[in-house]
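Coordinate inspection notes
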Amino acid sequence: MMIATADIERRAKIVSAWSFDVFDTFLLRACTTPDGVFERTYELSGISRTCPNVSASFVQHRIQAEARARRTAREKRGGSEVRIDEIYSCFPFKLFGLARHHLNDLVESEFTAELELCRANPDMLRQYMDMKRAGHRVGFISDTYWDSASLARLLRACRPGLTWDFLYASCDHGSGKSEALFAKYLSEQDIDPSASFHVGDNDKADIRGAKRHGIRPRYYPQATLQLASKFQRETALLELLCAGAPSRLDRGARTLRRMVAARNAEKSPAHHLGMTVLGPVMTAFDAFIARLCAEIASPGRKVALAFLGRDGFLPHRIWQGLHGTTSAYLEINRRVSLIASADTMQPLVDLLSKVLKIDAPTFGDMIKILPPEVAAFFAAYPDGVAPGEDLAKALPELMDASEIIELAAALRARLLAYLRHTIPGFDECTDLVLADLGYSGSVQKALRRVFDMEGIKIRLHGAYLISLDDAFDDLAEHDSAAGFISDLVVTPHVKRMLIRNIALLEQICCSADGSVRDYDGDQVLREINPRPAGQIALAAEIQAGTVAFAESAEDVALDFCLSPYAAPDVAARWCTATLARFLLLPDEDELALLGGLKHDVNLGTHALAPMIDSDFIRRQITARGLSAACASAAPPMWLAGSFARLSPSNAYLYTLFGANRLPADVFEESPCGQVQIGLFRANAEATLETATLYRTGLGELRLHIPISRTMALAMIALPLPKLAAEGLLHSVTIQSADDIRDAAESQDVIGIAAESLVYAGVRHNGAHYRTENDDACLLIPVAPMANDFAVYSVAITSLHSSPK
């Protein structure tokens, strides 16, 4: 009986508690990283006015001041915990035009920044209140330079009326959670650790620190490692591509992404990509479209919104989900709009000049006739396939302009009938907003010509994700075009790099249907969709994740009091950084998921172009150098992805090139010596020629060997010990043309198969080789020459010593 009574008394004394970390757990900040508080401090303190455009220096000095203060505290007191005033006592006041008496002003500015940026986490608040109602003791334990009075003020500012049973700030006790703060809390509060819990985001301080004292931890991560890696790359790209803009104050866009991801279970890698990357981009674009429509609307105007298919399919789905059925999905493309707008031969000539290859059946399908002269033109080309540019030049001599004008008039009538059916109240509209991924507004301009021909006074306004802004100076007087990512957000150099890689986004955003080729009343006549079924399904899954983010974002933003799209310039910069990271610096998972996609050209041809070709990039670097490789024409369509497939560092070098930050004199090749090579004819005659050896900025050795067909060579012998006794042979390539300069500049680079190379006196395994004697050489067979000249190029990384 006495034993039972003692057990009851022991249980009655057990005190159960739930403790919560404060920052990045109970409170979240509406900025990219905690040092966003410092960036906002720079703005609030007034230093941004007296010392403009140095926020990065201010932030770094604030970080360094804290490091110095903690180092000093460790030396003097044996612990590294410090208060905010001790941090600012180590700050370089004079650098920013301040004196030491401004210390308290800086402290107050930083606290004001905390008040402005911090939000109570509704998920944590809900758990906190549930535990409190259940009878547990609840409170906060924080590693922070803000004392408990400041913490209390901050917590109640974020959640008025909030109460707690305990509140511990590490700077008040000279010890953090990784040291003795948990022990002090348990002792002073008389808490039973085995019946208590601690919730936090830091593995070392919150999780392992709690475990060490017998407290049961609950991990609340800020983001997965994969998402955190994406965030890090995005920040680097924002600082590179949007130089000078605040890089930490995003009005909560990143916090919103973290919270939406946390509330939605990962269904598949494709769905997760849409949820975490493309969802934020497309939701920000949707807000831009809504803002533009609101600006156009005014008394007496009737504004209609249409999304241009096929690439506008995903933005249209998002608009439908967020705004209802207040828009139209318009299936129209460059080919249909340009032909319909033709009153001369020129629009068709312009269209064909952009087509890589075309054959007679495709041409006939495009314009509905195939004159004998045109058929004869195609018959003169191998397999009946001609370059579009050649056809564009010849067409005025092959067809009469009146034939084109008649065909255009008929297509124009069918197009207008389709528009009237698809856009409710079309004839009563005063303004039509055309939303699309964008670029130069070719469809918008063609529609303007169509409307003018038919006496239609509707004003046209382009709302584009990305705009080539110098293409819009010739718009009609009352028409307009605006790009979310405009040249006011990034430079034209950067813009063109993004558009060079935009085919990936087009494939993801596009509908599952084939491209429009004509109309029959209200029916759309489409081409076959040449994309594989698996690719269409993958795009659909990414789109589903994108839509899921958009539909969740509004509620989550309201819960967390976030407004990431309220400032258009901030939203545009972070949309740019997010999209640029995806297109330019993809991670390995994204390359594996998307690398096999194909791009359909969508100009009246069923051709599919590869998205990624890393071997192409390697050959280009060997033959033409890094800068030339970075400027390669398509295909491959995803040039940055092709560089990334080689290595992440290659992708970053490509990005630097696109941002005009890759100095040629650093990364291109420069002469580093000469070497004699052997040239062997088919009759076994041999000569020695001197060739210049080059070294690239990345340390590779390059050799370029020009030859002519008249030399009748059969073999080239390279003395490998003179280049590198041990090394990695990256590739051997051939370029050819009827002029030696054209050959050296040609993008048509052919790689020589590794198995056709002959190693004499050399041990090799894959790309690695090691010479066995001073006479060792690499024998390169000379291929039969169809042109007058060829250039053989060799790329080697030395693993031994400098070339002799």
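For the structure given in this document, a descriptive report is provided here.

1. Describing the nonpolar core
- One finds Phe140, Ile289 and Leu465 to be the most contacted residues of the largest nonpolar core, which totals 158 residues.
- No other element matches the 15 residues that helix α14 (residues 269-296) contributes to this core.
- Apart from residues no more than four positions distant in its own chain, isoleucine 289 is found in contact with Leu305, Phe307, Trp319, Ala435 and Ala463.
- Residues Met366, Ile367, Ala392 and Leu419 belong to the second largest nonpolar core, which totals 54 residues.

2. Thoughts on the environment of leucine 653
- Topologically, leucine 653 is positioned in helix α31 (residues 648-658).
- Put simply, leucine 653 and glutamate 239 are 414 residues apart on the chain and 15 Å apart in space, counted from C-alpha to C-alpha.
- Not counting residues up to four positions away in its chain, the partners in contact with leucine 653 are Leu626, Leu662, Phe667 and Leu698.

3. Topic: the sheet that holds strand β12 (residues 431-439)
- Taking strand neighbours across the sheet as the criterion, the 5 strands line up as β9-β8-β12-β13-β14 in an open arrangement whose pairing is parallel. Looking at strand neighbours, the two that pair on one side only are β9 (328-331) and β14 (480-485), the edges of this open sheet. Between one strand axis and the next, the sheet turns through 30° on average, direction left out of account.
- Sheet analysis places strand β8 (residues 303-309) next to β9, joined by 4 bridges and oriented parallel. Considered in β9, the bridge of glycine 309 is made with glutamate 331.
- Of the strands in this sheet, β8, β12, β13 (459-467) and β14 touch α14, which is tilted by about 155° from β13.

4. So, the pattern of salt bridges
- This structure, assessed with the given rule, holds 48 salt bridges.
- Members of the salt-bridge network, linked through shared partners, are Arg62, Glu66, Arg70 and Glu110.

5. Considerations on the packing of helix α23 (residues 492-500) against α31
- Where α23 contacts α31, the two axes come as close as 8 Å, and the packing angle between them is 135°. On the basis of the axis angle, α23 is oblique to α31. Across the interface between the two elements, His493, Val494, Met497 and Arg500 from α23 touch Tyr654, Thr655 and Gly658 from α31.
- Counted by class, the contact of α23 with α31 contains 3 nonpolar, 3 polar and 1 charged residues.

6. Quick word on the packing of aromatic side chains
- Evaluation of the coordinates by the stated rule reveals 29 aromatic pairs.
- Measuring from centroid to centroid gives 5.9 Å for tyrosine 168 and tyrosine 185, while their planes differ by 75°, and the two rings are edge-to-face. Placement of the pair is tyrosine 168 in strand β5 (residues 166-169) and tyrosine 185 in helix α10 (residues 181-189), with a sequence separation of 17 residues. Comparing tyrosine 168 with tyrosine 185, the two get one shared label, buried.
- In textbook terms, an aromatic cluster arises when at least three aromatic residues are bridged by ring pairs, as seen for Tyr42, Phe58, Tyr88, Phe91, Phe93 and Phe96.
- When the ring centre of tyrosine 88 is taken as reference, the NZ or CZ atom of arginine 62 above it lies at 5.6 Å.
- A cation over an aromatic ring shows up here: arginine 62 above the ring of tyrosine 145, its NZ or CZ 5.0 Å from the ring centre.

7. Topic: the pairing of strand β7 (residues 216-219)
- Of the strand pairs in this sheet, strand β6 (residues 197-200) and β7 are connected by 4 bridges, and their pairing is parallel. Across the sheet, phenylalanine 197 pairs through a bridge with arginine 216, a residue of β7.
- Taking the sense of rotation as the criterion, the β-α-β connection linking β6, helix α11 (residues 203-212) and β7 turns out right-handed.

8. Digging into the sheet that holds β7
- On the basis of which strands lie adjacent, the open sheet formed by 5 strands has the order β5-β4-β1-β6-β7 and parallel pairing. Of all strands in the sheet, those with a lone pairing partner are β5 and β7, marking the two edges. The mean angle between the axes of side-by-side strands here comes to 20°, regardless of whether they run parallel or antiparallel.
- Two strands pair when backbone bridges link them, and strand β4 (residues 137-142) and β5 are joined in this way by 4 bridges, in the parallel orientation. Bridging from a neighbouring strand, phenylalanine 140 pairs with leucine 167 of β5.
- Helix α8 (residues 148-158) contacts β4 and β5 of the sheet and is inclined by roughly 120° relative to β5.
- Sitting on the sheet, α11 touches β6 and β7, and the angle it makes with β7 is about 155°.

Thresholds, definitions, all that
Residue numbers here run from 1 along each chain, matching the order of that chain's written sequence. In keeping with the predicted nature of the model, local features appear solely for residues at pLDDT of at least 70, side-chain atom pairs appear and are counted solely at 80 or more, and the whole-chain, interface and lining totals rest on all residues. Calculated side-chain values reflect all of the structure's heavy atoms, with hydrogen atoms and water omitted. Among buried residues, the Ala, Val, Leu, Ile, Met, Phe, Trp, Tyr and Cys ones that are joined through side-chain atoms within 4.5 Å form a nonpolar core. Buried means the residue's accessible area, taken with a 1.4 Å probe over protein chains only, is under 20% of the maximum for its type, while exposed means over 50%, and partly exposed covers the values in between. Here a helix means four or more residues in a row that DSSP labels H or I, a strand means two or more in a row labelled E, and each is numbered from the N terminus. The criterion used for residue contact is that any of the two residues' heavy atoms lie within 4.5 Å. DSSP bridges decide pairing: two strands pair if at least two such bridges lie between them. Structural elements are reduced to axes, namely lines fitted to C-alpha atoms, with helices fitted over the stretch in contact, and the angle between N-to-C directions of any two is expressed from 0 to 180 degrees. Salt bridge, as used here, is a side-chain nitrogen of Lys or Arg placed within 4 Å of a carboxyl oxygen of Asp or Glu. An angle counts as roughly parallel when it lies under 35 degrees, as roughly antiparallel when it exceeds 145, as roughly perpendicular when it falls between 65 and 115, and as oblique in every other case. All residues other than Ala, Val, Leu, Ile, Met, Phe, Trp, Tyr, Cys, Pro, Asp, Glu, Lys and Arg, Gly among them, are scored as polar; the first ten of these are nonpolar and the last four charged. In this analysis, rings of Phe, Tyr and Trp, with Trp reduced to its six-membered ring, are considered paired at centre separations within 6.5 Å, and the interplanar angle assigns stacked below 30 degrees, edge-to-face beyond 60, and tilted for intermediate values. Both a distance and an angle decide whether a charge sits over a ring: NZ of Lys or CZ of Arg must be within 6 Å of the ring centre and within 35 degrees of the ring normal. Classification remark: right-handed applies to a crossover when, strands pointing away from the viewer, the course from the first strand over the helix to the second runs clockwise.

Distances and angles like these do not, on their own, reveal function.
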